[in-house]
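Here is how the chains run, residue by residue.
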Amino acid sequence: MTIKTRFAPSPTGYLHVGGARTALFSWLHARRHGGDFVLRIEDTDLERSTQASVDAILQGMDWLGLDYDEGPFYQTERFDRYNAVIDQLIEQGLAYRCTCSKERLQQLREQQMAAKQKPRYDGHCRDREIGPDEPHVVRFRNPLDGEVVFNDLVRGPIRVANQELDDLIIRRTDGAPTYNLTVVVDDHDMGITQVIRGDDHINNTPRQINLYQALGWEIPEFAHLPMILGDDGARLSKRHGAVSVMQYFEDGYLPEALLNYLVRLGWSHGDQEIFSLAEMTEWFDLSAVNKAPSSFNTDKLNWLNQHYIKSADPARIAELVLPHMNALGIQTNVDDKLIAVVEAQRERASTLVELAEISAFYYQDFAEYDAKAAKKAFKGDAAKCLQHVAAKLAELSDWQREPIHQAVADSVGELDVGFGKVAMPLRIAVTGGSPSPDLDLTLYLVGREAVLRRVDQAIRKISQATLD
RNA sequence: GUCCCGUUCAUCUAGAGGCCUAGGAUCCCAGCCUUUCACGCUGGUUACAGGGGUUCGACUCCCCUACGGGACGCCA
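Residues numbered from 1 in each chain as written. Chains lettered and ligands numbered in written order. Predicted model: local features only at pLDDT ≥ 70, side-chain atom pairs only at ≥ 80, totals over all residues. Heavy atoms only, no water.

Caption draft 1: How the structure looks around the sheet that holds strand β2 (residues 36-41). Spatial ordering of the open sheet is given by β1-β2-β3, a layout of three strands whose pairing is parallel. With one partner strand each, in any of the chains shown, β1 (4-7) and β3 (70-74) form the two edges of the open sheet. Shown here is a sheet whose adjacent strand axes are inclined to one another by a mean of 25 degrees, direction ignored. Contacts from helix α1 (residues 17-32) reach β1 and β2, with the element oriented near 165 degrees to β1. Helix-sheet contacts for helix α2 (residues 51-64) involve β1, β2 and β3, and the interaxial angle to β2 is about 160 degrees. (Pairing = 2+ DSSP bridges. Helix = DSSP H or I, 4+ residues; strand = E, 2+ residues; numbered from the N terminus. Axes fitted to C-alpha atoms, helices over the stretch in contact; angles between N-to-C directions. Contact = heavy atoms within 4.5 Å.)

Here you go:
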């Protein structure tokens with residue numbers, strides 16, 4: 001049988017990292033086995049579903065490169081099918097109409113809780129043979145005894161007694177089918193072979209299996225993924241900053257870095273940390289997925305992001321960093337200079353935002369020096385050294401790395417000081433204290449005019465400080 | 001409360017009874033490299049939740065306790 005998996009988010013918010021990892025694992029399982037991956041939007045909750053959320057989810061999937069072979073399907077477009085199944089269940093006596101009010105149900109729950117029991121429907125309408133005319137919900141007639149056993153591909157065998165389950169509502173008063181019914185119908189109709197989803201659905205699985213059995217359908221395999229917790233070990237929520245996948249895009253992360261980070265959250269392949277998409281596809285295996293929840297760790301994500309920024313094609317990084325440069329007020333294009341700047345700076349940044357920030361000095365003058373760097377560099381004879389080396393640089397006929405290097409070396413020789421006496425103030429004067437590569441490369445990329453202008457500015461700053 | 005699930009360094013994890021004096025990675029610290037900051041390299045600190053079994057032997061198997069999470073909706 002062909003492997004087919006799906007990702008089935010409900011559009012009530014953006015695609016968050018937990019959902020993204022569920023999608024990734026599901027996608028990986030399909031790709032690994034040469035199967036298909038389906039995207040299905042579970043929008044049966046008319047109240048909370050929004051088009052904006054659908055768009056956000058689609059956008060997130062697209063950015064991560066999680067492509068789907070079928071879909072997106074929308075459950076709201078399949079109501080006729082669900083209702084046909086529900087009607088069939090009623091007809092066969094496997095489901096029944098119920099007129100219990102929300103108030104009665106609420107009261108029942110409170111009583112049961114007070115009696116330290118698990119709240120569940122008492123079957124009040126089970127045998128009342130209610131007709132279709134008065135307002136009602138439809139409930140599934142869950143087996144009263146026996147137990148449901150299934151072998152979770154991640155957790156292993158799980159068993160639940162039917163006595164723990166109650167007659168769940170499969171159609172609301174307004175005629176809309178509910179999750180547990182729609183998910184079963186869809187997974188069956190779409191030929192899903194492995195249902196891979198968050199472990200908050202473990203408790204729903206036995207009910208769904210009973211539904212499969214009542215309908216005489218083949219039961220798919222299930223794999224329940226542990227959840228992802230925030231940095232602090234608490235459930236992921238808004239206060240954890242970047243929970244939306246697209247927030248990571250905006251914060252300057254590369255999709256391959258996020259994917260690599262996510263795949264290692266709950267899954268491993270020996271000691272390997274860096275995985276290309278091809279590698280994770282080749283080795284991903286549900287049986288190697290952890291059972292315990294894991295905490296999101298931004299430090300490690302940053303490390304991976306830096307790794308990918310460092311090893312990606314500089315031209316591509318230039319493309320990606322450009323919007324972040326623009327955001328800093330720098331107007332430029334992806335040209336030779338930007339690519340050279342990226343190559344010069346990329347091992348010093350863990351995000352594209354950072355890369356833009358530490359590269360700004362190649363394009364624009366700055367008002368402030370890094371206090372610590374300036375204090376260290378602008379002292380003693382710094383002004384004199386700067387004056388001397390500036391004169392040398394001004395005389396250069398050819399503004400290239402070699403001659404620049406030579407000019408600085410000459411200056412050092414003539415002044416008869418250590419290299420750092422000249423190089424340090426010069427670097428800080430030109431960069432303001434930003435991380436930067438070899439001095440000659442830095443000066444070359446900044447350009448002669450800007451270098452001389454900034455050295456001048458630094459000399460003035462030093463003399464001013466001396467006067468104070 | 002009831003049911004289901006989980007528990008190895010701060011964090012992600014390796015570990016399928018002896019290979020474990022518990023390995024790797026991130027973080028942190030120190031050193032080297034060095035004209036800054038990084039990168040890189042070397043080294044270091046830190047973990048099997050607790051208690052009982054089973055076994056010649058348990059991080060690995062079983063039970064109990066503790067802690068954590070999830071579910072218990074006319075949400076998904």
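Caption draft 2: Geometry of the environment of D251. Relative to the assigned elements, D251 resides in the loop between α7 (245-250) and α8 (255-263). As a C-alpha pair, D251 and A20 span 231 residues in sequence and 17 Å in three-dimensional space.

Caption draft 3: Quick peek at the pairing of strand β7 (residues 156-161). Strand direction decides the pairing type here: strand β6 (residues 147-152) and β7, joined by six bridges, are antiparallel. What sits directly across from N151, in β7, is P157. Between β6 and β7, which pair antiparallel one after the other, the connecting turn spans three residues.

Caption draft 4: Molecular detail of the pattern of salt bridges. Enumeration according to the criterion identifies 28 salt bridges in this entry. Salt-bridge contacts for R31 lead to D67; the nearest nitrogen and oxygen are separated by 3.5 Å. Residue R31 is located in helix α1, and its partner D67 is located in the loop between α2 and β3; the two are separated by 36 residues in the primary sequence. Judged by its relative accessible area of 43%, D67 falls in the partly exposed class. In this structure, the salt-bridge partner of R207 is D166, at a minimum N-O distance of 3.2 Å. Taken together, the residues span a long stretch of sequence, with R207 in helix α6 (residues 205-215) and D166 in the loop between β7 and β8 (169-171) at a distance of 41 residues. Take R207: its relative accessible area is 18%, and that puts it in the buried class. Within the structure, one salt-bridge network assembled from shared partners comprises R6, R40, E42, R78, R81, D186, D187 and D189. (Salt bridge = Lys/Arg side-chain N within 4 Å of Asp/Glu carboxyl O. Buried < 20%, exposed > 50% of the residue type's maximum accessible area, 1.4 Å probe, protein only.)

Caption draft 5: Structural view of the state of the cysteines. Counted under the stated rule, the structure contains zero disulfides. Summary of cysteine pairing: C98 is not part of a disulfide, and the nearest cysteine sulfur, belonging to C100, is at 3.7 Å. Sulfur of C100: no disulfide; nearest cysteine sulfur belongs to C125 and is 3.5 Å away. The class for C100 is buried, based on a relative accessible area of 13%. (Disulfide = S-S within 2.5 Å.)

Caption draft 6: Quick look at the confidence of the model for chain A. Across chain A, the average pLDDT comes to 91, with 97% of residues at 70 or higher. Per-residue pLDDT, averaged within each element of chain A, yields its smallest value for helix α14 (residues 371-377) (81) and its largest for β1 (97). The ipTM, which scores confidence in the relative placement of chains, is 0.94 for this predicted complex, and the corresponding pTM is 0.93. (pLDDT = per-residue confidence, 0-100.)

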